[in-house]
Amino acid sequence: GGGGGGGGGGAPRSRQLPLMERVRRYMFAPTSATSLATFRFLWGMLMIYNSLRMLNKDFYKIYDRNRTPYNNAHEGFVVRYWPLLSYQGYRVSGWIMTVVSATFGFGFFTKTSAWIWFFTHTQSWITESSTFNNHYYLFSLVGFLWCFVDSHKWWSVDLWLARRAAAASPATAILLGGTERLSPFVPHWQYWIIHFQLVVCYFYGFYQKAINPDWLRGQPMLIWIGAKHGTPWWMQWALDLPNAGFYMAWAGLLLDLVIGPMLWTAKFRVPGAIAITLFHAMNNYIWSIGMFPYVMGTTTLFFFDPTTYDRFFRWARQWAPFIPPPGGVPAAGGVGGGDE
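Quick summary incoming for the structure in this document. Sequence order as written defines the numbering, with residues in each chain counted from 1. Residues qualify for local features only when their pLDDT is at least 70, as the model is predicted, and side-chain atom pairs are given and counted only at 80 or more; totals for whole chains, interfaces and linings, by contrast, use all residues. Excluding hydrogens and water, the side-chain values take into account all heavy atoms of the structure.

1. Considerations on the nonpolar core
Here comes step 1: Counting residues in hydrophobic clusters, the biggest one holds 53 residues, and the most contacted among them are Leu36, Trp43, Phe139, Trp146 and Ile194.
Here comes step 2: Per element, the largest residue contribution to this core is 8 residues, and it comes from helix α2 (residues 34-56).
Here comes step 3: Throughout, a residue-residue contact means that at least one pair of heavy atoms, one from each residue, lies within 4.5 Å. Contact partners of isoleucine 194, with chain neighbours within four places excluded, come to Leu36, Phe39, Leu145, Trp146 and Phe302.
Here comes step 4: The next biggest cluster of nonpolar side chains, apart from the first, holds 10 residues, and it includes Phe206, Met221, Met248 and Leu253. Among buried residues, those of type Ala, Val, Leu, Ile, Met, Phe, Trp, Tyr and Cys that are joined through side-chain atoms within 4.5 Å constitute a nonpolar core. For each residue, the accessible area found with a 1.4 Å probe, counting protein chains only, is set against the maximum for its type, and the residue is called buried under 20%, exposed over 50%, and partly exposed in between. The helix count covers DSSP runs of H or I at least four residues long, the strand count covers runs of E at least two residues long, and both are numbered beginning at the N terminus.

Written out as structure tokens, the structure reads:
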């Protein structure tokens, strides 16, 4: 910042404030919502694809074949409290998931859509253990966080409708919560909790690999890679190297350990983003493990500073004037969004 010495009567510098006050100021600093809104749209589009993919593959047929309580994941909770649907019921749930993914992505009834998506998506895996995948569990965890953040605060149908209503009637603006509710800013904690959840995912991946003796010996990667053929020559030569599976197992373990801090730190964010994007692209190409590489590759973009998104969208508005003005930095100051 520009401000020189500032005499003795000014406000105390942030480093002189008590720790909890510094944390409070950091977490509640107004931050441009452009990055959060962009991630909302991309998440919604990915979940539309995921829902349609499950419907197209008739994924829910398995629920009609396995109707005994013994197939339920988390049996004690699910059997007592979580309703089991018929085959047609699960397909209807899948179509509901598709619709609310679209409304969420475009920011229409955003939080309501987030809650409905969370319950329908969780329903799709929690009631049948044979379909359980820890990737689906992660999607539910992130989906739960969407229910509490204000991802509609930029480029959303909700915000457009609210501003039109407020412009037509000042009283409506008060009912909507005042100008603060209509501003394109969110408190920084709304970025932080999603970043934290994603970093926990990577660190837990490291932990599970580190305590697995088979993984530390390179298994089952050595077996899988030994049986892998037909990949392009520029990838196959690496897979054919002696002990390639062992080195890939350890590379994955170490990347899971360091990638969270790298993405969370401005200095190492770009090399970290490149490394993890290549990692997910390779996983998708070699193993075809469903939606996880696409979703996690997209989440990498979310770690970049919201001011980067502001600059990009200001530039894009030259050719696409329908893009609303990005938030920028509020007059009272704020944080960019993630140089923790």
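2. Considerations on the side chain of histidine 280
Here comes step 1: Tracing the chain through its elements places histidine 280 in helix α15 (residues 266-287).
Here comes step 2: Owing to a relative accessible area of 2%, histidine 280 belongs among the buried residues under this scheme.
Here comes step 3: When near neighbours in sequence (up to four residues on either side) are disregarded, histidine 280 contacts Tyr202, Phe292, Pro293, Met296 and Gly297.

3. A short note on the environment of glycine 205
Here comes step 1: With respect to the helices and strands, the residue glycine 205 is situated in helix α10 (residues 189-210).
Here comes step 2: Between the C-alpha atoms of glycine 205 and leucine 255, which are 50 residues apart in sequence, the distance is 9.7 Å.

4. Regarding the pattern of salt bridges
Here comes step 1: Here, a salt bridge means any Lys or Arg side-chain nitrogen found within 4 Å of an Asp or Glu carboxyl oxygen. Counting across every chain of the model gives 5 salt bridges.
Here comes step 2: A salt bridge links arginine 25 to glutamate 21; the nearest nitrogen and oxygen atoms lie 3.0 Å apart. Of this pair, arginine 25 and glutamate 21 are both found in helix α1 (residues 19-28), 4 residues apart, which corresponds to roughly one turn of the helix.
Here comes step 3: A residue is classified by how much of its surface remains accessible, and arginine 25, at 45% relative accessible area, is partly exposed.
Here comes step 4: Classification of glutamate 21 by relative accessible area gives partly exposed; the value is 23%.
Here comes step 5: The shortest N-O distance in the salt bridge between aspartate 256 and lysine 209 comes to 2.7 Å. Here aspartate 256 is found in helix α14 (residues 244-264), whereas its partner lysine 209 is found in helix α10, with 47 residues between them in sequence.

5. Focus: the packing of aromatic side chains
Here comes step 1: By convention, a stacked pair of Phe, Tyr or Trp rings (six-membered ring in the case of Trp) has centres within 6.5 Å and planes under 30 degrees apart, an edge-to-face pair has planes over 60 apart, and any other such pair is tilted. The tally for this structure, following the rule as stated, stands at 32 aromatic pairs.
Here comes step 2: Ring plane angle 75 degrees and centroid distance 4.7 Å describe the contact between phenylalanine 108 and phenylalanine 109, whose orientation is recorded as edge-to-face.
Here comes step 3: Measuring from ring centre to ring centre gives 5.1 Å for tryptophan 192 and phenylalanine 196, while their planes differ by 10 degrees; the resulting arrangement is stacked. Separated by 4 residues within a single helix, tryptophan 192 and phenylalanine 196 lie in helix α10, roughly one turn from each other.

6. Some points on the packing of α2 against helix α6 (residues 110-126)
Here comes step 1: The contact between α2 and α6 brings their axes to 13 Å, and the two run at 35 degrees. In terms of crossing hand, the pair formed by α2 and α6 is left-handed. On α6, the residues that touch Arg40, Trp43, Met47, Asn50 and Met54 of α2 are Thr110, Trp117, His121 and Ser124.
Here comes step 2: Amino acids are sorted into nonpolar (Ala, Val, Leu, Ile, Met, Phe, Trp, Tyr, Cys and Pro), charged (Asp, Glu, Lys and Arg) and polar (every other residue, Gly among them). Counted by class, the contact of α2 with α6 contains 4 nonpolar, 4 polar and 1 charged residues. The axes used here are C-alpha line fits, helices contributing only the stretch in contact, and every angle between their N-to-C directions lies in the interval 0 to 180 degrees. For any helix crossing, the convention is left-handed if the near helix is rotated counterclockwise from the far helix by under a right angle, and right-handed if that rotation is clockwise.

Function cannot be read off these values alone, since they describe shape.
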